[in-house]
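# Inside the fold
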Amino acid sequence: MAAPRLLLRARGRPRAWYQQPLRPGDPGRGHILGPAGPWSREEALGLLEAAVVYRAGPLVAISKPPGLAVTGSSGQLSLVSLLPDLSQRLSLPPELHVVKAAGNCPGTTQQLHAFFTQLQRERCPPATYRAVTAGVPAAVEGEIRTGLKLQQVGDLQLVAPVAAPSRRSLERKEVKQTLTRYKVLGATAGCGLVQLQPMTAFPGQLLVHLTLLLCPALGDHVYSARVGTVLGEPFLLPVGSALPRTQVLGEQLLRRLRLTQQLLHRLPLHLHLHQLLLPTAILTAPPPPFFLQTLRLLGLPGGQSAP
């Protein structure tokens, strides 16, 4: 049975971010850059209110606009900081919590935790992501297994792979064994559309796993620096010598995206939560317009529906 696509929008409310087509006045039909400046609090609340894709009792699933952080420092605009005002707009209990892309009350959190735990026991992935990558994995499908840990690098706390973690580090929970299943859905001229199904959860897991495949996600300005090239061949750089920076892309790829390196700091992350399993539904989220436009520009599957 096909997964239902549930899009709820009341009359008079702003269109959800994923319903907004690229403007004809943007520079070129292939314009895929993110906004030049941040949203205001009211703009962000309006986008979230319009982006409800599922609602059943106290459980609400929201297709979060790209670029809006889930959590943030004090005073920073984030999904968590917006929850009190959002709960009033949606007439929900004030004590909202975030689980993946869903806002829910504590009782529902326990039910979801039990549901996701059961899926893990059955080795059934609860979430399916899609990423546009710079580079194509050597194998059409496979698994990425590695330990991951949080590591302080200068003033930054980054996720670092640990190929052979010790039993002691695992017992102390300094390192976590992680696993992601992947499948290449399409490839062309050094770019790929890759399906990712994380079987474990760790901050930054999918982005770091993609670098281990030597195929960072487009718009990854944190971990993509770990993949270098020599004579066109990618290789992995040590964590300490590859600090976060604006992603660097080859000239051919830049031309196909109709971009210049000077504008790449505005290239949004091309990692999309495509499908999420819930106890009562299978949710499918539509890709954002910039994601579809990139697929079209690169000739990857799914780009035919881009505006």
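How each quantity is defined
Residue numbers run consecutively from 1 along every chain, following the written order of its sequence. The predicted origin of the model limits local features to residues at a pLDDT of at least 70 and limits the giving and counting of side-chain atom pairs to 80 or more, whereas totals for whole chains, interfaces and linings rest on all residues. Excluding hydrogens and water, the side-chain values take into account all heavy atoms of the structure. We treat two strands as partners when DSSP finds at least two bridges between them. Comment: elements are numbered from the N terminus, with helices defined as DSSP H or I runs of at least four residues and strands as E runs of at least two. Every axis in this analysis is a line fitted to C-alpha atoms, fitted for helices over the stretch in contact. Angles between the N-to-C directions lie between 0 and 180 degrees. Take the buried Ala, Val, Leu, Ile, Met, Phe, Trp, Tyr and Cys residues and link them wherever side-chain atoms come within 4.5 Å; each set so joined is a nonpolar core. Exposure categories follow from relative accessible area, calculated using a 1.4 Å probe and restricted to protein chains: below 20% of the type maximum is buried, above 50% is exposed, and the middle band is partly exposed. Residues count as neighbours in contact if any of their non-hydrogen atoms are within 4.5 Å of one another. Confidence scores here are pLDDT values: one per residue, from the predictor, ranging 0 to 100. Patch rule: a residue counts if its relative accessible area is over 30% and it has no salt bridge; like charges are joined within 9 Å, and nonpolar side chains (Val, Leu, Ile, Met, Phe, Trp, Tyr) within 5 Å. Each accessible area is a Shrake-Rupley estimate made with a 1.4 Å probe; only the visible protein chains count as cover when residues are assessed. The rule for a salt bridge is simple: a side-chain nitrogen of Lys or Arg has to be within 4 Å of a carboxyl oxygen of Asp or Glu.

### Points about the sheet that holds strand β12 (residues 271–278)
Hydrogen bonds between backbone groups are what pair the strands of a sheet, and the pairing can be parallel or antiparallel. Across the sheet, which stays open at both edges, the 7 strands sit in the order β7-β6-β8-β9-β5-β12-β13 with antiparallel pairing between neighbours. Since the sheet does not close on itself, it has two edges, and those belong to β7 (156–162) and β13 (281–284), each with one partner. Averaged over all pairs of adjacent strands, the angle between their axes in this sheet comes to 30°, without regard to strand direction. Pairing analysis gives 6 bridges linking strand β5 (residues 127–134) to strand β9 (residues 191–198), with the strands arranged antiparallel.

### Some points on the nonpolar core
Most often, soluble globular proteins keep nonpolar side chains buried together rather than apart. Counting 33 residues, the largest nonpolar core has Y54, L196 and L278 as its most contacted members. Counting residues per element, this core draws most heavily on helix α5 (residues 205–212), which supplies 4 residues. Each residue touching L196, except ones within four places of it in the same chain, is listed here: A127, T128, Y129, A131, T180, R181, Y182, L206, L210 and L271. Counting 21 residues, the second-largest nonpolar core is a separate cluster that includes L193, L218, F291 and L297.

### Describing the environment of L276
With respect to the helices and strands, L276 occurs in strand β12. Overall, L276 belongs to the buried group, its relative accessible area being 7%. Between the C-alpha atom of L276 and that of P126, which follows or precedes it by 150 residues, the distance is 5.8 Å.

### Topic: the pairing of strand β11 (residues 233–236)
Sheet topology note: the strand β10 (residues 227–230)/β11 ladder contains 4 bridges and is antiparallel. Of the residues in β11, the one forming a bridge with T229 is P234.

### A closer look at unusual backbone geometry
With a phi angle near 45°, A189 is a residue other than glycine that sits in the positive phi range. Summarising the element assignment, A189 is placed in the loop between β8 (176–188) and β9. Notably, L214 is not glycine yet its phi reads approximately 65°, a positive angle. With respect to the helices and strands, the residue L214 is situated in the loop between α5 and β10.

### Comments concerning helix α7 (residues 289–298)
Three- or four-residue spacings in an α-helix give side chains the same orientation, since the helix completes a turn every 3.6 residues. Taking burial as the measure, the 10 residues of α7 include 9 buried ones, the bulk of the element. Where α7 is buried, its residues contact β5, β8, β9, α6 (251–257) and β12.

### Considerations on the confidence of the model for the chain
Summary statistics for the chain give a mean pLDDT of 82 and a share of 81% for residues scoring 70 or more. Throughout residues 1–30 the model reports pLDDT below 50, and contacts reaching past four residues in sequence, or to other chains, amount to 66 contacts. A low-confidence stretch, residues 100–107 (pLDDT under 50), is modelled with 28 contacts involving residues beyond four sequence positions or located in other chains.

### Comments concerning a nonpolar patch on the surface
On the surface, V230, L231 and F235 cluster together to form a nonpolar patch covering roughly 330 Å² of accessible area. Summarising the element assignment, V230 is placed in strand β10.

### Structural notes on the pattern of salt bridges
The final tally for this structure, using the stated rule, is 6 salt bridges. The residue E42 makes a salt bridge to R89 at a minimum N-O spacing of 2.6 Å. Linking E42 in helix α1 (residues 41–50) with R89 in helix α2 (residues 79–89), this pair joins segments that are 47 residues apart in sequence. According to the relative accessible area criterion, R89 is partly exposed, its value standing at 30%. For the salt bridge of E143 with R145, the shortest nitrogen-to-oxygen distance reads 3.1 Å. We classify E143 as partly exposed; its relative accessible area is 40%. Shared partners join several salt bridges into a network, and the residues in it are E42, E49 and R89.

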